[in-house]
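Reading the structure
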Amino acid sequence: MSLDITPRPPQPQPEPPRPRNLLERPFIARALRSRWYPGVFQWIAVAVFVVVVWQLLAGPQTAHDNLGTALVWVLWWPLIPIVFVAVGRFWCAVCPFGKLSDLVQSLVGAQRPVPRFLKRYGIWLIDAQFILITWSDHIWGIVESPWGTGVLLLLLITAVVASGAFFQRRTFCRYLCFLGGMSGNYAQVGALQLRANTDICRTCTARAVCFNGGDKAPACPLFEFPRTMDSSANCNLCANCFKNCPNDAITITPRMPSRELWFVRNPKIEASFLAMAIMGIVLIQNLTMLQIWQDVLAWIENTLGITNYPVIFTLAFIVAVGAPVTALWAASAVAARRNTDSITTNFARFGYALIPLDVAGHIAHNLFHLLAEGKSVVYTAVAAFGGDRPEGSAALVGTGTIQVLQYVILALGIAGSAYAVHRIAKARWTDQPTMRATQVPFLTVVTVFAVANVVLFALPMAMRM
């Protein structure tokens, strides 16, 4: 008796009762309809950004004493993945780079369509940027160098200005920004979602004003059409569609984090690749902050006879970033022998399931910088504006407390990824044997990298500031 292992086409699961639309609350609706939103937050971000650049380029050139370094790497960078999980890509609505792009377009913008090349390969360029920037940090010490961080920001500003001068909307943010690529992945784990009521949209005669823009607000900056949107990856909650919609069809609702991952209709292999690459980057970042990193360097040097640090680190970096990618590919190959999908399809589909663990490892790593070095933001701010820098530890809480929080976050990420594997397989295959056989290799990958993170976070880390 043969089993039917015909895969189900990607389909939504039965929807639970919808949570309350936050836009039904008058205060929230008025705030988002206001002409001050999101502009007031944008200008605040711009003001802080000016201070950051000023400090990085003209302030003390030791990271320990520089306010710009503290604001970027001790405060903003640790908080940003938490923001993505809590409210999706809201940061992208208020990011000073986005505001700069808007200003450039209003002055000299040619408003050309996005090149087909960027639409097709933009996420791969984002993947490459993320890997290159992380590698560059360890080779040239960007985090420890205020000037290095300042130059990185100036390079990004140049790219933003060029993109805004030539192309429509926020082409840079959608197709070229390395942070935008990460936020697109992480926003799918987020606890908020903006969607449109398709029943209302079906009878709309407003000529897609939510997408094209209108008298009340500009067009969607990230090229999203609310009526067909099934993912939060490219929604920055700017509220332009809400302001323009004449039928109140837009909703913003809370949801269980990670729930979107098992409803993805068209998984992209490049998004899964980025998730696995970031997981490897977090692993190598953790490793370089541990005492055993010196042992790893010594082993590579003795084994291969290489004494050049950039070469040694590059080899270790390639292994660290490649390990999660290779592991997911191997799991996909095993799964492909048990179901009817190809290796690449399995890789693309189940790579999304690893995003919760990816996010958790990233947040747990960054939490060390925030909580172990958090007071440095205050200390450097006092010194930057003419006061005497306070003395004492920069830690906000003790090491034990940090580790407990790290493990709590990791536990949530592990559970989220394991459950996402189960739900993706359940949505795809009808028979239990195929569904279970498909889950096993991917749950193995989750387990391997969960253990790797647990072990690394158990070891004492060194501060970089």
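These lines cover the structure that appears in this document, whether it is placed above or below. (Residues numbered from 1 in each chain as written. Predicted model: local features only at pLDDT ≥ 70, side-chain atom pairs only at ≥ 80, totals over all residues. Heavy atoms only, no water.)

**Remarks on the packing of aromatic side chains**
Here the structure, examined in full by the defined rule, presents 22 aromatic pairs. With a centroid separation of 6.5 Å and 70 degrees between ring planes, the pair formed by Phe-84 and Tyr-186 is classed as edge-to-face. Remark: Tyr-186 occurs in helix α9 (residues 178-187) and Phe-84 occurs in helix α3 (residues 67-87); sequence separation between them is 102 residues. Counting every residue linked through ring pairs, the aromatic cluster contains Trp-73, Trp-76, Trp-77 and Trp-91. When the ring centre of Phe-211 is taken as origin, the NZ or CZ atom of Arg-169, which lies over that ring, is 4.3 Å away. Over the face of the ring belonging to Trp-429 we find Arg-428, whose NZ or CZ atom lies 5.8 Å from the ring centre. (Phe/Tyr/Trp six-rings, centres within 6.5 Å; stacked < 30°, edge-to-face > 60°. Helix = DSSP H or I, 4+ residues; strand = E, 2+ residues; numbered from the N terminus. Lys NZ or Arg CZ within 6 Å of the ring centre and 35° of its normal.)

**A short note on the packing of α9 against helix α17 (residues 355-373)**
One way to put it is that α9 packs onto α17 with a least axis distance of 9 Å and a crossing angle of 120 degrees. It follows that α9 is oblique to α17 by the angle criterion. Crossing hand, α9 versus α17: left-handed. Each of Met-182, Asn-185 and Tyr-186 in α9 lies in contact with α17, whose residues at this interface are Ile-355, Asp-358, Val-359 and His-362. (Axes fitted to C-alpha atoms, helices over the stretch in contact; angles between N-to-C directions. Parallel < 35°, antiparallel > 145°, perpendicular 65-115°, else oblique. Left-handed = near helix turned anticlockwise from the far one by under 90°. Contact = heavy atoms within 4.5 Å.)

**What about the pattern of salt bridges?**
Inspection of the entire model under this criterion finds eleven salt bridges. Linked by salt bridges that have partners in common, Arg-195, Arg-255 and Glu-260 make up one network. (Salt bridge = Lys/Arg side-chain N within 4 Å of Asp/Glu carboxyl O.)

**Examining a nonpolar patch on the surface**
Together, Trp-36, Val-40, Phe-41, Ile-44 and Val-48 line one region of the surface with nonpolar side chains, adding up to about 490 Å² of accessible area. With respect to the helices and strands, Val-40 occurs in helix α2 (residues 39-58). (Patch = residues over 30% accessible without salt bridge, like charges linked within 9 Å, V, L, I, M, F, W, Y side chains within 5 Å. Areas by Shrake-Rupley, 256 points an atom, 1.4 Å probe, with all protein chains shown as cover.)

**Here we look at helix α7 (residues 146-166)**
Its 21 residues give α7 an end-to-end C-alpha distance of 31 Å, which sits within 8% of 30 Å, the value for a rise of 1.5 Å per residue. Inspection of α7 places Pro-146, Gly-148, Thr-149, Gly-150, Leu-152, Leu-153, Leu-156, Ile-157, Val-160, Ser-163, Gly-164 and Ala-165 among the buried residues, and these make up the whole buried set. (Expected span 1.5 Å × (residues − 1). Buried < 20%, exposed > 50% of the residue type's maximum accessible area, 1.4 Å probe, protein only.)

**Considerations on the environment of Arg-20**
In this structure, Arg-20 sits in the segment before α1 (26-33). A sequence separation of 231 residues divides Arg-20 from Thr-251, and the C-alpha atoms of the two residues are 9.0 Å apart. The residues contacting Arg-20, other than those within four sequence positions of it, are Arg-25, Ile-252, Thr-253 and Pro-254.

**Examining the side chain of Gln-193**
As for its placement among the helices and strands, Gln-193 is situated in strand β1 (residues 192-196). Only 3.1 Å separates the side chain of Gln-193 from the side chain of Arg-255, close enough to count as a polar contact. Once residues lying within four places of it in the same chain are set aside, the contact partners of Gln-193 are Ser-232, Thr-251, Ile-252, Thr-253 and Arg-255. (Polar contact = N/O pair within 3.5 Å; in protein donor to acceptor, adjacent residues only side chain to side chain.)

**Regarding the environment of Ala-353**
You can see Ala-353 is positioned in the loop between α16 (343-351) and α17. Residues Ala-353 and Val-446, 93 residues apart in the sequence, show an inter-C-alpha distance of 9.0 Å.

**A few points about the pairing of strand β2 (residues 250-254)**
Strand residues, when the strand is regular, have side chains that alternate between the two faces of the sheet. With four of five residues buried, β2 is to be regarded as a mostly interior element. Relative to β2, β1 is paired through five bridges, and the arrangement is antiparallel. Note on β2: the bridge partner recorded for Leu-192 is Pro-254. (Pairing = 2+ DSSP bridges.)

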